[in-house]
Amino acid sequence: MTVSKDYTAQEIIIVAGAKVLEDKRVVFVGTGLPMVASLLAKMTHAPNLIPVFEAGAVGPHLTVGLPVSVGDSKTFTSASYVKGLNSAFEMTQRGFADYGFIGGAEVDMYGNLNSTMIGDFPDGYQKPKIRLPGSGGASDMAASCEKTILIVPHDKRKFSAKLQYLTSPGHLDGSKDARWKAGMQGSGPYRLISTKGIFDFEEESHRMRLLQTFPGETKESIQAETGFELLFADNVTAFAPPTVEEVRLIREEIDPTGIFVKRA
Amino acid sequence: MKDTPEMFWTGLSPDEARKALVNKDKSMRDKTMTLKEAVDTFIHDGDNVGIGGFVDIRQPVAITHEMIRHGFKDLTLSFQSAGMAPDYLGAAMMIDPDHFSIKRLELAYWAHEAFGLAPMFRYLTERGLVEVEDWSNANMSSRFKAGAIGLPFIPTRGPIAGDVARSNRTKIIDCPFTHRPIALLPASNPDVAIIHVNAADKYGNCIIRGSECTCPEISMASAHTIVTCEQLLSHETITSLPKDIAIPFLGVDAVIEVPYGAYPGACRRSYYYSKEHIADLHRRTSVMCKTGSKDELQAYFDEYIFGVDDFSGFLDKIGVAELLKLKKLEAANCERLV
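Now for a quick tour of the structure.

Calculation criteria
- Residues numbered from 1 in each chain as written.
- Chains lettered and ligands numbered in written order.
- Predicted model: local features only at pLDDT ≥ 70, side-chain atom pairs only at ≥ 80, totals over all residues.
- Heavy atoms only, no water.
- Buried < 20%, exposed > 50% of the residue type's maximum accessible area, 1.4 Å probe, protein only.
- Helix = DSSP H or I, 4+ residues; strand = E, 2+ residues; numbered from the N terminus.
- Arc of directions from axis to C-beta.
- Contact = heavy atoms within 4.5 Å.
- Buried area = accessible area lost by both parts, 1.4 Å probe.
- Salt bridge = Lys/Arg side-chain N within 4 Å of Asp/Glu carboxyl O.
- Pairing = 2+ DSSP bridges.
- Axes fitted to C-alpha atoms, helices over the stretch in contact; angles between N-to-C directions.

Things to note about helix α10 (residues 295–304) of chain B
Structural remark: α-helix, 3.6 residues per turn; residues separated by three or four positions point the same way. All names here are of chain B. Considered for burial, the residues of α10 that qualify are Leu297, Tyr300, Phe301 and Tyr304. The buried residues of α10 occupy one face: seen down the axis, they fall within an arc of 90 degrees. As for α10, its buried residues are in contact with α3 (61–70), α4 (84–95), α9 (275–291) and α11 (311–318).

Quick notes on the interface of chain B and chain A
Accessible area lost during the coming together of the parts is what is often quoted as the interface size. Across the boundary between the two partners, chain B contributes 59 residues, which contact 55 residues of chain A. Overall, the association of chain B and chain A removes approximately 4,400 Å² of surface from exposure, summing both partners, and the carbon and sulfur fraction of that is 52%. When residues of chain B are sorted by the area they lose upon contact with chain A, Glu113, Arg157 and Arg180 of chain B head the list and together hold 13% of the total. On the surface where chain B and chain A come into contact, there are three salt bridges. Residue glutamate 212 of chain B pairs with lysine 83 of chain A through a salt bridge whose shortest N-O separation is 4.0 Å.

So, the sheet that holds strand β7 (residues 153–156) of chain B
Residues and elements named next belong to chain B. The antiparallel open sheet is built from three strands, whose spatial order is β7-β9-β8. Bordering the open sheet on either side are β7 and β8 (171–174), each of which pairs with just one other strand. In this sheet, adjacent strand axes meet at a mean angle of 35 degrees when their direction is disregarded. Looking at chain direction, β8 and strand β9 (residues 181–186) are connected through four bridges and run antiparallel. When the sheet's bridge partners are listed, isoleucine 172 is paired in β9 with alanine 183.

This is the structure in C-alpha coordinates:
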(Lines give C-alpha, C1' and ligand atoms only; values in the text may rest on other atoms or scores of the structure.)
Protein backbone atom coordinates (compact mmCIF):
# COMPACT_ATOMS: atom_id res chain seq x y z
CA MET A 1 0.00 0.00 0.00
CA THR A 2 1.34 3.39 -0.98
CA VAL A 3 1.93 5.69 1.94
CA SER A 4 0.25 9.05 1.61
CA LYS A 5 2.29 12.24 1.84
CA ASP A 6 -0.84 14.37 1.99
CA TYR A 7 -2.95 13.81 5.08
CA THR A 8 -4.19 15.90 7.99
CA ALA A 9 -4.03 15.46 11.77
CA GLN A 10 -7.70 14.47 11.76
CA GLU A 11 -7.14 11.89 9.05
CA ILE A 12 -4.37 10.10 10.92
CA ILE A 13 -6.62 10.00 14.04
CA ILE A 14 -9.37 8.44 11.93
CA VAL A 15 -7.06 5.80 10.47
CA ALA A 16 -5.64 4.96 13.90
CA GLY A 17 -9.14 4.79 15.39
CA ALA A 18 -10.38 2.51 12.64
CA LYS A 19 -7.48 0.11 13.19
CA VAL A 20 -8.30 -0.35 16.87
CA LEU A 21 -11.74 -1.71 15.97
CA GLU A 22 -12.02 -5.46 15.45
CA ASP A 23 -14.34 -7.02 12.92
CA LYS A 24 -17.60 -8.63 14.14
CA ARG A 25 -17.63 -6.53 17.30
CA VAL A 26 -20.25 -4.07 18.52
CA VAL A 27 -19.08 -0.46 18.68
CA PHE A 28 -21.17 2.26 20.34
CA VAL A 29 -20.34 5.26 18.18
CA GLY A 30 -20.26 8.84 19.42
CA THR A 31 -20.61 11.82 17.11
CA GLY A 32 -17.80 13.23 14.93
CA LEU A 33 -14.52 11.48 14.14
CA PRO A 34 -15.66 8.17 15.74
CA MET A 35 -18.31 7.94 13.01
CA VAL A 36 -15.74 8.48 10.29
CA ALA A 37 -13.35 5.96 11.89
CA SER A 38 -16.10 3.34 12.24
CA LEU A 39 -17.09 3.78 8.60
CA LEU A 40 -13.45 3.48 7.51
CA ALA A 41 -13.10 0.29 9.56
CA LYS A 42 -16.23 -1.14 7.91
CA MET A 43 -14.88 -0.27 4.45
CA THR A 44 -11.48 -1.84 5.11
CA HIS A 45 -10.65 -4.60 7.60
CA ALA A 46 -13.94 -4.79 9.55
CA PRO A 47 -16.86 -5.19 7.12
CA ASN A 48 -18.91 -6.95 9.79
CA LEU A 49 -18.48 -4.30 12.45
CA ILE A 50 -21.80 -3.56 14.17
CA PRO A 51 -22.32 0.12 14.95
CA VAL A 52 -24.83 1.19 17.60
CA PHE A 53 -25.97 4.80 17.93
CA GLU A 54 -27.44 6.25 21.09
CA ALA A 55 -30.69 7.47 19.55
CA GLY A 56 -31.38 3.78 19.08
CA ALA A 57 -30.12 2.47 15.73
CA VAL A 58 -28.48 -0.97 15.95
CA GLY A 59 -26.33 -2.35 13.14
CA PRO A 60 -27.11 -0.05 10.18
CA HIS A 61 -24.97 -0.65 7.10
CA LEU A 62 -24.42 3.13 6.73
CA THR A 63 -24.70 3.05 2.97
CA VAL A 64 -26.66 6.31 2.59
CA GLY A 65 -23.88 8.63 3.70
CA LEU A 66 -22.14 9.96 6.79
CA PRO A 67 -24.53 10.80 9.64
CA VAL A 68 -24.14 14.31 11.06
CA SER A 69 -25.71 13.22 14.34
CA VAL A 70 -26.06 10.02 16.34
CA GLY A 71 -29.79 10.55 15.75
CA ASP A 72 -29.41 11.21 12.01
CA SER A 73 -31.94 9.57 9.72
CA LYS A 74 -28.98 7.94 7.95
CA THR A 75 -28.41 5.76 11.05
CA PHE A 76 -31.91 4.24 10.84
CA THR A 77 -31.87 3.14 7.21
CA SER A 78 -31.01 -0.59 7.11
CA ALA A 79 -30.74 -0.78 10.91
CA SER A 80 -31.67 -4.15 12.41
CA TYR A 81 -33.44 -2.57 15.36
CA VAL A 82 -34.58 0.94 16.24
CA LYS A 83 -36.33 1.93 19.43
CA GLY A 84 -35.03 4.88 21.41
CA LEU A 85 -32.40 6.10 23.83
CA ASN A 86 -33.43 3.81 26.66
CA SER A 87 -33.09 0.70 24.50
CA ALA A 88 -29.60 1.68 23.29
CA PHE A 89 -28.32 2.39 26.79
CA GLU A 90 -30.06 -0.62 28.33
CA MET A 91 -28.30 -2.91 25.84
CA THR A 92 -25.03 -1.25 26.72
CA GLN A 93 -25.64 -1.58 30.44
CA ARG A 94 -26.42 -5.24 29.84
CA GLY A 95 -23.04 -5.73 28.16
CA PHE A 96 -23.78 -5.78 24.43
CA ALA A 97 -21.30 -2.99 23.51
CA ASP A 98 -17.71 -4.19 23.12
CA TYR A 99 -16.30 -0.76 22.34
CA GLY A 100 -17.37 2.79 23.02
CA PHE A 101 -15.85 5.58 20.98
CA ILE A 102 -15.87 8.96 22.75
CA GLY A 103 -14.16 12.33 22.93
CA GLY A 104 -13.82 15.26 25.28
CA ALA A 105 -12.34 18.71 25.72
CA GLU A 106 -9.92 17.60 28.45
CA VAL A 107 -8.36 14.28 29.48
CA ASP A 108 -6.23 13.32 32.48
CA MET A 109 -3.57 10.61 32.89
CA TYR A 110 -6.19 8.03 33.87
CA GLY A 111 -8.36 8.60 30.82
CA ASN A 112 -11.09 10.54 32.62
CA LEU A 113 -12.74 13.08 30.29
CA ASN A 114 -14.35 16.49 30.63
CA SER A 115 -17.06 17.63 28.22
CA THR A 116 -19.10 19.74 30.64
CA MET A 117 -17.40 22.97 31.67
CA ILE A 118 -14.21 24.98 32.02
CA GLY A 119 -14.16 26.77 35.34
CA ASP A 120 -14.25 26.01 39.01
CA PHE A 121 -16.31 22.97 40.05
CA PRO A 122 -18.27 22.81 42.26
CA ASP A 123 -18.09 26.45 43.44
CA GLY A 124 -18.36 27.96 39.95
CA TYR A 125 -20.67 25.29 38.53
CA GLN A 126 -23.62 27.68 38.10
CA LYS A 127 -21.44 30.26 36.34
CA PRO A 128 -18.71 28.48 34.37
CA LYS A 129 -15.99 30.30 32.43
CA ILE A 130 -16.84 28.24 29.37
CA ARG A 131 -19.90 26.06 29.21
CA LEU A 132 -19.40 22.95 27.06
CA PRO A 133 -22.35 20.91 25.69
CA GLY A 134 -22.50 18.39 28.57
CA SER A 135 -22.20 14.64 28.83
CA GLY A 136 -24.77 13.55 26.29
CA GLY A 137 -24.25 9.80 26.22
CA ALA A 138 -20.48 9.94 26.66
CA SER A 139 -20.48 9.29 30.41
CA ASP A 140 -22.89 6.39 29.95
CA MET A 141 -20.65 4.87 27.31
CA ALA A 142 -17.60 5.47 29.53
CA ALA A 143 -19.33 3.67 32.40
CA SER A 144 -20.86 0.72 30.59
CA CYS A 145 -19.17 -0.11 27.27
CA GLU A 146 -16.67 -2.91 27.82
CA LYS A 147 -13.72 -0.95 26.43
CA THR A 148 -13.56 2.70 25.49
CA ILE A 149 -11.48 4.38 22.81
CA LEU A 150 -10.83 8.05 23.50
CA ILE A 151 -10.11 10.68 20.88
CA VAL A 152 -8.60 13.95 22.10
CA PRO A 153 -6.64 16.50 20.02
CA HIS A 154 -3.22 16.79 21.65
CA ASP A 155 -2.18 19.93 23.47
CA LYS A 156 -0.91 20.75 26.91
CA ARG A 157 -4.12 22.33 28.15
CA LYS A 158 -6.29 19.44 26.99
CA PHE A 159 -3.94 16.79 28.46
CA SER A 160 -4.38 18.09 31.93
CA ALA A 161 -3.03 17.04 35.35
CA LYS A 162 -6.40 17.84 36.90
CA LEU A 163 -9.71 18.01 35.06
CA GLN A 164 -11.91 21.00 35.71
CA TYR A 165 -14.89 18.64 35.66
CA LEU A 166 -14.97 14.86 35.39
CA THR A 167 -17.78 14.03 32.96
CA SER A 168 -16.89 10.57 31.63
CA PRO A 169 -15.24 8.22 34.11
CA GLY A 170 -12.06 6.51 32.98
CA HIS A 171 -9.76 4.75 35.42
CA LEU A 172 -10.72 7.36 38.08
CA ASP A 173 -7.73 7.77 40.45
CA GLY A 174 -5.94 4.79 38.90
CA SER A 175 -6.12 2.71 42.09
CA LYS A 176 -6.67 -1.03 41.87
CA ASP A 177 -10.25 -1.94 40.92
CA ALA A 178 -11.32 1.72 41.20
CA ARG A 179 -14.00 1.34 38.55
CA TRP A 180 -15.37 -1.87 40.02
CA LYS A 181 -15.44 -0.42 43.51
CA ALA A 182 -17.31 2.64 42.25
CA GLY A 183 -20.02 0.38 40.83
CA MET A 184 -19.14 0.39 37.14
CA GLN A 185 -18.91 -2.65 34.88
CA GLY A 186 -16.85 -1.94 31.77
CA SER A 187 -13.08 -2.22 31.92
CA GLY A 188 -12.65 1.44 30.96
CA PRO A 189 -10.25 3.31 28.68
CA TYR A 190 -8.46 0.90 26.36
CA ARG A 191 -6.78 3.22 23.88
CA LEU A 192 -6.42 6.95 23.49
CA ILE A 193 -5.72 8.43 20.10
CA SER A 194 -4.47 12.01 19.93
CA THR A 195 -3.06 14.11 17.13
CA LYS A 196 0.42 12.96 18.21
CA GLY A 197 0.19 9.26 18.91
CA ILE A 198 -1.56 6.21 20.31
CA PHE A 199 -1.65 5.42 24.01
CA ASP A 200 -2.88 2.70 26.31
CA PHE A 201 -3.21 2.62 30.09
CA GLU A 202 -0.58 0.66 32.01
CA GLU A 203 -2.04 -2.42 33.74
CA GLU A 204 -1.04 -1.65 37.34
CA SER A 205 -1.07 2.14 37.61
CA HIS A 206 -3.70 2.72 34.89
CA ARG A 207 -1.62 5.70 33.76
CA MET A 208 -1.53 6.84 30.16
CA ARG A 209 1.32 5.16 28.29
CA LEU A 210 2.64 6.03 24.85
CA LEU A 211 2.58 3.06 22.46
CA GLN A 212 3.10 4.61 19.03
CA THR A 213 4.17 8.00 17.73
CA PHE A 214 2.66 9.67 14.70
CA PRO A 215 5.06 10.88 11.96
CA GLY A 216 7.16 13.85 13.06
CA GLU A 217 6.68 13.17 16.77
CA THR A 218 9.07 11.76 19.38
CA LYS A 219 8.64 10.72 23.00
CA GLU A 220 10.09 14.10 23.96
CA SER A 221 7.91 16.19 21.66
CA ILE A 222 4.79 14.42 22.92
CA GLN A 223 5.75 14.74 26.59
CA ALA A 224 6.44 18.45 26.02
CA GLU A 225 2.81 18.93 24.95
CA THR A 226 1.33 16.89 27.81
CA GLY A 227 0.36 18.44 31.13
CA PHE A 228 1.34 15.36 33.17
CA GLU A 229 4.10 12.78 33.15
CA LEU A 230 3.55 10.10 30.54
CA LEU A 231 4.63 6.49 30.75
CA PHE A 232 6.36 4.95 27.73
CA ALA A 233 5.99 1.42 26.44
CA ASP A 234 9.22 -0.60 26.38
CA ASN A 235 9.22 -0.45 22.64
CA VAL A 236 7.56 2.74 21.39
CA THR A 237 7.09 2.31 17.66
CA ALA A 238 6.24 4.63 14.79
CA PHE A 239 2.68 4.47 13.51
CA ALA A 240 2.65 4.04 9.75
CA PRO A 241 1.19 7.08 7.98
CA PRO A 242 -2.20 6.64 6.29
CA THR A 243 -2.12 5.06 2.87
CA VAL A 244 -3.22 6.88 -0.26
CA GLU A 245 -6.25 4.60 -0.37
CA GLU A 246 -7.26 5.32 3.23
CA VAL A 247 -7.07 9.07 2.63
CA ARG A 248 -9.06 8.65 -0.58
CA LEU A 249 -11.77 6.69 1.23
CA ILE A 250 -12.07 9.39 3.89
CA ARG A 251 -12.14 12.30 1.43
CA GLU A 252 -14.09 10.84 -1.45
CA GLU A 253 -16.27 8.10 -0.03
CA ILE A 254 -16.94 8.81 3.64
CA ASP A 255 -16.91 12.58 4.18
CA PRO A 256 -16.82 14.23 0.74
CA THR A 257 -18.43 17.45 1.96
CA GLY A 258 -16.16 17.91 4.98
CA ILE A 259 -18.84 17.47 7.66
CA PHE A 260 -16.35 16.33 10.29
CA VAL A 261 -13.03 16.07 8.43
CA LYS A 262 -11.66 19.47 7.56
CA ARG A 263 -9.32 19.72 4.60
CA ALA A 264 -6.81 22.14 6.12
CA MET B 1 -23.65 8.14 51.27
CA LYS B 2 -21.90 10.91 49.44
CA ASP B 3 -23.06 14.50 49.61
CA THR B 4 -25.94 15.32 47.32
CA PRO B 5 -28.08 18.42 47.14
CA GLU B 6 -31.12 18.17 49.38
CA MET B 7 -33.93 16.26 47.69
CA PHE B 8 -36.60 18.28 45.92
CA TRP B 9 -38.96 17.64 43.03
CA THR B 10 -39.22 19.82 39.96
CA GLY B 11 -42.45 19.39 38.05
CA LEU B 12 -44.65 16.89 39.89
CA SER B 13 -43.58 14.62 42.71
CA PRO B 14 -44.36 10.94 42.06
CA ASP B 15 -47.41 11.18 44.36
CA GLU B 16 -48.66 14.35 42.68
CA ALA B 17 -48.14 12.72 39.27
CA ARG B 18 -50.31 9.80 40.33
CA LYS B 19 -53.03 12.11 41.70
CA ALA B 20 -52.99 14.13 38.46
CA LEU B 21 -54.32 11.07 36.62
CA VAL B 22 -57.06 10.13 39.09
CA ASN B 23 -59.58 12.72 37.98
CA LYS B 24 -58.39 13.14 34.44
CA ASP B 25 -60.89 12.54 31.63
CA LYS B 26 -59.43 9.44 30.01
CA SER B 27 -62.11 9.05 27.39
CA MET B 28 -61.26 8.57 23.74
CA ARG B 29 -62.32 12.01 22.58
CA ASP B 30 -61.32 14.44 19.86
CA LYS B 31 -58.28 16.32 21.12
CA THR B 32 -57.57 18.38 18.02
CA MET B 33 -57.28 22.10 18.62
CA THR B 34 -55.10 24.97 17.46
CA LEU B 35 -51.56 25.16 18.74
CA LYS B 36 -52.42 28.48 20.35
CA GLU B 37 -55.28 26.87 22.29
CA ALA B 38 -53.04 24.00 23.37
CA VAL B 39 -50.25 26.27 24.61
CA ASP B 40 -52.77 28.57 26.37
CA THR B 41 -54.46 25.62 28.05
CA PHE B 42 -51.66 23.31 29.05
CA ILE B 43 -48.55 25.42 29.72
CA HIS B 44 -48.23 27.76 32.70
CA ASP B 45 -45.59 29.99 34.23
CA GLY B 46 -43.22 28.01 36.40
CA ASP B 47 -43.93 24.70 34.67
CA ASN B 48 -41.41 21.94 34.15
CA VAL B 49 -41.54 21.31 30.39
CA GLY B 50 -40.36 17.94 29.07
CA ILE B 51 -38.95 18.31 25.56
CA GLY B 52 -39.13 15.44 23.05
CA GLY B 53 -36.82 14.54 20.18
CA PHE B 54 -33.06 14.23 20.28
CA VAL B 55 -30.53 16.96 19.37
CA ASP B 56 -32.05 18.21 16.09
CA ILE B 57 -34.37 15.35 15.23
CA ARG B 58 -38.11 15.72 15.87
CA GLN B 59 -37.63 18.75 18.08
CA PRO B 60 -41.01 20.35 18.89
CA VAL B 61 -40.05 23.57 17.10
CA ALA B 62 -43.56 24.74 16.17
CA ILE B 63 -44.63 24.41 19.81
CA THR B 64 -41.63 26.48 20.97
CA HIS B 65 -42.53 29.24 18.49
CA GLU B 66 -46.07 29.37 19.88
CA MET B 67 -44.73 29.36 23.45
CA ILE B 68 -42.54 32.35 22.57
CA ARG B 69 -45.46 34.29 21.05
CA HIS B 70 -47.44 33.57 24.22
CA GLY B 71 -44.62 34.40 26.68
CA PHE B 72 -43.86 32.40 29.84
CA LYS B 73 -41.92 32.97 33.05
CA ASP B 74 -39.58 30.76 35.06
CA LEU B 75 -39.87 27.55 33.10
CA THR B 76 -37.82 24.47 33.87
CA LEU B 77 -36.75 22.63 30.72
CA SER B 78 -36.10 18.88 30.99
CA PHE B 79 -34.54 16.89 28.15
CA GLN B 80 -31.76 14.45 27.34
CA SER B 81 -30.02 15.99 24.31
CA ALA B 82 -31.60 18.88 22.49
CA GLY B 83 -30.74 21.58 20.00
CA MET B 84 -33.40 23.63 18.24
CA ALA B 85 -36.12 23.62 20.93
CA PRO B 86 -33.98 25.05 23.76
CA ASP B 87 -32.22 27.24 21.17
CA TYR B 88 -35.45 29.06 20.38
CA LEU B 89 -36.59 29.26 24.01
CA GLY B 90 -33.13 30.36 25.17
CA ALA B 91 -32.81 32.99 22.45
CA ALA B 92 -36.27 34.33 23.38
CA MET B 93 -34.98 34.83 26.92
CA MET B 94 -31.85 36.55 25.61
CA ILE B 95 -33.80 39.18 23.70
CA ASP B 96 -36.53 39.82 26.29
CA PRO B 97 -36.37 38.06 29.69
CA ASP B 98 -39.45 39.98 30.84
CA HIS B 99 -41.48 38.28 28.11
CA PHE B 100 -39.92 34.81 28.22
CA SER B 101 -37.71 33.24 30.85
CA ILE B 102 -36.17 29.92 31.78
CA LYS B 103 -35.37 29.33 35.43
CA ARG B 104 -33.76 25.94 35.30
CA LEU B 105 -32.36 23.27 32.97
CA GLU B 106 -32.25 19.54 33.68
CA LEU B 107 -30.29 18.13 30.78
CA ALA B 108 -27.57 15.91 29.40
CA TYR B 109 -26.52 17.95 26.36
CA TRP B 110 -27.43 21.17 24.60
CA ALA B 111 -25.54 21.63 21.33
CA HIS B 112 -25.73 20.49 17.71
CA GLU B 113 -23.04 17.84 17.09
CA ALA B 114 -21.78 18.56 13.53
CA PHE B 115 -23.55 21.95 13.53
CA GLY B 116 -21.57 23.20 16.51
CA LEU B 117 -22.24 24.57 19.97
CA ALA B 118 -25.42 26.34 21.05
CA PRO B 119 -24.41 29.96 21.70
CA MET B 120 -27.66 30.44 23.66
CA PHE B 121 -26.56 27.83 26.21
CA ARG B 122 -23.20 29.53 26.67
CA TYR B 123 -24.80 32.96 26.99
CA LEU B 124 -27.32 31.92 29.65
CA THR B 125 -24.97 29.76 31.73
CA GLU B 126 -21.76 31.77 31.55
CA ARG B 127 -23.69 34.79 32.86
CA GLY B 128 -25.36 32.70 35.57
CA LEU B 129 -28.86 33.48 34.26
CA VAL B 130 -30.25 29.92 34.57
CA GLU B 131 -29.83 27.12 37.09
CA VAL B 132 -28.31 23.98 35.59
CA GLU B 133 -28.52 20.37 36.67
CA ASP B 134 -26.35 18.10 34.51
CA TRP B 135 -27.25 14.47 33.88
CA SER B 136 -26.31 11.96 31.18
CA ASN B 137 -28.50 10.87 28.27
CA ALA B 138 -29.20 7.51 29.92
CA ASN B 139 -29.87 9.32 33.22
CA MET B 140 -32.51 11.65 31.74
CA SER B 141 -34.03 8.85 29.68
CA SER B 142 -34.23 6.64 32.79
CA ARG B 143 -35.70 9.47 34.86
CA PHE B 144 -38.50 9.89 32.31
CA LYS B 145 -38.94 6.14 32.27
CA ALA B 146 -39.31 6.05 36.07
CA GLY B 147 -41.89 8.82 35.78
CA ALA B 148 -43.70 6.89 33.03
CA ILE B 149 -43.90 3.65 34.99
CA GLY B 150 -45.03 5.20 38.26
CA LEU B 151 -41.85 4.75 40.27
CA PRO B 152 -40.18 7.41 42.44
CA PHE B 153 -36.67 6.44 41.34
CA ILE B 154 -34.79 4.10 39.04
CA PRO B 155 -31.51 2.29 39.65
CA THR B 156 -28.84 2.76 37.01
CA ARG B 157 -25.19 2.09 36.42
CA GLY B 158 -24.65 5.29 34.36
CA PRO B 159 -21.92 7.74 35.36
CA ILE B 160 -21.88 6.63 38.97
CA ALA B 161 -18.33 7.98 39.46
CA GLY B 162 -17.22 11.48 38.51
CA ASP B 163 -18.79 14.91 38.72
CA VAL B 164 -22.11 14.34 36.89
CA ALA B 165 -23.55 12.49 39.89
CA ARG B 166 -22.21 15.31 42.15
CA SER B 167 -24.00 17.93 40.03
CA ASN B 168 -27.46 16.51 40.51
CA ARG B 169 -29.79 14.63 42.85
CA THR B 170 -28.36 11.16 42.22
CA LYS B 171 -28.12 9.06 45.37
CA ILE B 172 -25.51 6.33 45.46
CA ILE B 173 -26.33 3.42 47.75
CA ASP B 174 -25.00 -0.06 48.34
CA CYS B 175 -27.18 -2.40 46.33
CA PRO B 176 -29.14 -4.52 48.84
CA PHE B 177 -28.66 -7.58 46.63
CA THR B 178 -25.12 -7.36 45.24
CA HIS B 179 -23.67 -5.04 47.88
CA ARG B 180 -21.95 -3.02 45.18
CA PRO B 181 -22.64 0.71 44.71
CA ILE B 182 -25.62 1.55 42.53
CA ALA B 183 -26.96 4.95 41.47
CA LEU B 184 -30.60 5.86 42.14
CA LEU B 185 -32.10 8.63 40.03
CA PRO B 186 -35.27 10.51 40.94
CA ALA B 187 -38.16 10.19 38.49
CA SER B 188 -38.97 13.12 36.23
CA ASN B 189 -42.69 13.90 35.96
CA PRO B 190 -42.90 17.16 33.97
CA ASP B 191 -46.01 19.36 34.17
CA VAL B 192 -46.23 19.29 30.40
CA ALA B 193 -44.55 17.42 27.56
CA ILE B 194 -44.01 18.98 24.12
CA ILE B 195 -43.60 16.36 21.41
CA HIS B 196 -43.51 16.25 17.61
CA VAL B 197 -44.36 12.95 15.88
CA ASN B 198 -44.82 11.66 12.34
CA ALA B 199 -48.50 10.84 12.52
CA ALA B 200 -51.39 10.82 14.97
CA ASP B 201 -55.15 10.36 15.05
CA LYS B 202 -57.50 12.87 16.65
CA TYR B 203 -57.46 10.95 19.92
CA GLY B 204 -53.68 11.22 20.25
CA ASN B 205 -52.49 7.77 19.19
CA CYS B 206 -49.05 8.52 17.75
CA ILE B 207 -46.79 6.80 15.23
CA ILE B 208 -43.10 7.66 15.24
CA ARG B 209 -40.64 6.75 12.47
CA GLY B 210 -36.93 6.42 13.13
CA SER B 211 -35.96 6.76 16.78
CA GLU B 212 -38.69 7.14 19.35
CA CYS B 213 -36.02 9.09 21.26
CA THR B 214 -37.55 9.33 24.74
CA CYS B 215 -40.91 10.65 23.52
CA PRO B 216 -43.11 7.79 24.78
CA GLU B 217 -41.55 7.99 28.26
CA ILE B 218 -41.83 11.80 28.45
CA SER B 219 -45.47 11.74 27.32
CA MET B 220 -46.50 9.07 29.80
CA ALA B 221 -44.56 10.72 32.66
CA SER B 222 -46.03 14.20 32.19
CA ALA B 223 -49.28 15.53 33.64
CA HIS B 224 -50.22 16.87 30.18
CA THR B 225 -48.83 16.34 26.68
CA ILE B 226 -49.09 18.50 23.57
CA VAL B 227 -48.41 16.61 20.35
CA THR B 228 -47.83 18.13 16.95
CA CYS B 229 -47.77 15.75 14.00
CA GLU B 230 -46.66 15.84 10.39
CA GLN B 231 -49.89 14.09 9.38
CA LEU B 232 -53.25 13.79 11.11
CA LEU B 233 -54.70 10.48 9.94
CA SER B 234 -57.88 8.57 10.56
CA HIS B 235 -58.16 6.42 13.67
CA GLU B 236 -58.55 3.35 11.42
CA THR B 237 -55.31 4.07 9.57
CA ILE B 238 -53.31 4.85 12.69
CA THR B 239 -54.50 1.73 14.54
CA SER B 240 -54.17 -0.68 11.60
CA LEU B 241 -50.91 -1.85 13.18
CA PRO B 242 -51.45 -1.27 16.91
CA LYS B 243 -47.87 -2.17 17.77
CA ASP B 244 -46.68 0.77 15.64
CA ILE B 245 -48.28 3.15 18.10
CA ALA B 246 -45.47 4.60 20.18
CA ILE B 247 -47.63 6.86 22.35
CA PRO B 248 -51.20 5.82 23.21
CA PHE B 249 -54.08 8.31 23.31
CA LEU B 250 -54.11 8.08 27.11
CA GLY B 251 -50.81 9.93 27.24
CA VAL B 252 -51.89 12.83 25.01
CA ASP B 253 -54.03 15.93 25.70
CA ALA B 254 -53.78 17.98 22.51
CA VAL B 255 -53.20 17.04 18.88
CA ILE B 256 -52.28 19.57 16.21
CA GLU B 257 -51.34 18.81 12.62
CA VAL B 258 -48.24 20.90 11.85
CA PRO B 259 -46.36 19.78 8.74
CA TYR B 260 -42.66 20.63 9.00
CA GLY B 261 -43.24 21.19 12.71
CA ALA B 262 -39.63 20.24 13.54
CA TYR B 263 -38.02 22.47 10.86
CA PRO B 264 -35.17 23.58 10.75
CA GLY B 265 -34.40 20.29 12.48
CA ALA B 266 -35.11 16.96 10.81
CA CYS B 267 -37.99 14.50 10.87
CA ARG B 268 -37.45 10.94 9.66
CA ARG B 269 -39.17 10.20 6.32
CA SER B 270 -40.30 13.81 5.93
CA TYR B 271 -37.31 16.21 5.79
CA TYR B 272 -33.63 16.49 6.61
CA TYR B 273 -31.89 19.26 8.58
CA SER B 274 -31.61 22.81 7.29
CA LYS B 275 -27.98 23.32 8.16
CA GLU B 276 -28.09 26.83 6.68
CA HIS B 277 -31.09 28.02 8.69
CA ILE B 278 -29.61 26.65 11.92
CA ALA B 279 -26.28 28.35 11.13
CA ASP B 280 -28.05 31.67 10.48
CA LEU B 281 -29.79 31.59 13.86
CA HIS B 282 -26.50 30.71 15.56
CA ARG B 283 -24.64 33.49 13.76
CA ARG B 284 -27.16 36.09 14.91
CA THR B 285 -27.00 34.73 18.47
CA SER B 286 -23.21 34.78 18.46
CA VAL B 287 -23.27 38.46 17.52
CA MET B 288 -25.22 39.14 20.71
CA CYS B 289 -22.84 36.96 22.75
CA LYS B 290 -19.81 38.84 21.41
CA THR B 291 -21.04 42.43 21.11
CA GLY B 292 -24.09 42.55 23.35
CA SER B 293 -26.17 43.84 20.44
CA LYS B 294 -29.42 41.93 20.09
CA ASP B 295 -30.48 43.64 16.85
CA GLU B 296 -29.85 40.74 14.48
CA LEU B 297 -31.40 38.18 16.79
CA GLN B 298 -34.39 40.46 17.44
CA ALA B 299 -34.80 40.89 13.68
CA TYR B 300 -34.98 37.10 13.27
CA PHE B 301 -37.65 36.84 15.96
CA ASP B 302 -39.59 39.83 14.58
CA GLU B 303 -39.63 38.34 11.11
CA TYR B 304 -40.14 34.64 11.78
CA ILE B 305 -41.96 34.37 15.13
CA PHE B 306 -43.56 37.62 16.28
CA GLY B 307 -44.25 38.73 12.70
CA VAL B 308 -46.43 35.72 11.86
CA ASP B 309 -49.66 34.34 13.32
CA ASP B 310 -48.70 30.71 13.34
CA PHE B 311 -46.17 28.17 12.07
CA SER B 312 -47.60 28.14 8.56
CA GLY B 313 -46.74 31.85 8.40
CA PHE B 314 -43.15 30.94 9.28
CA LEU B 315 -43.07 28.24 6.58
CA ASP B 316 -44.41 30.74 4.02
CA LYS B 317 -41.34 32.87 4.71
CA ILE B 318 -39.03 29.85 4.43
CA GLY B 319 -40.46 29.09 1.01
CA VAL B 320 -41.35 25.98 -0.88
CA ALA B 321 -37.94 25.57 -2.59
CA GLU B 322 -36.15 25.03 0.74
CA LEU B 323 -38.82 22.66 2.04
CA LEU B 324 -38.77 20.57 -1.13
CA LYS B 325 -34.99 20.40 -1.07
CA LEU B 326 -35.03 19.01 2.48
CA LYS B 327 -37.80 16.56 1.59
CA LYS B 328 -35.73 15.27 -1.33
CA LEU B 329 -32.62 14.86 0.85
CA GLU B 330 -34.63 12.86 3.36
CA ALA B 331 -36.07 10.63 0.65
CA ALA B 332 -32.49 9.74 -0.28
CA ASN B 333 -31.68 9.04 3.38
CA CYS B 334 -34.61 6.66 3.56
CA GLU B 335 -34.05 5.14 0.11
CA ARG B 336 -37.70 5.92 -0.63
CA LEU B 337 -39.68 7.80 -3.23
CA VAL B 338 -40.26 11.46 -2.46
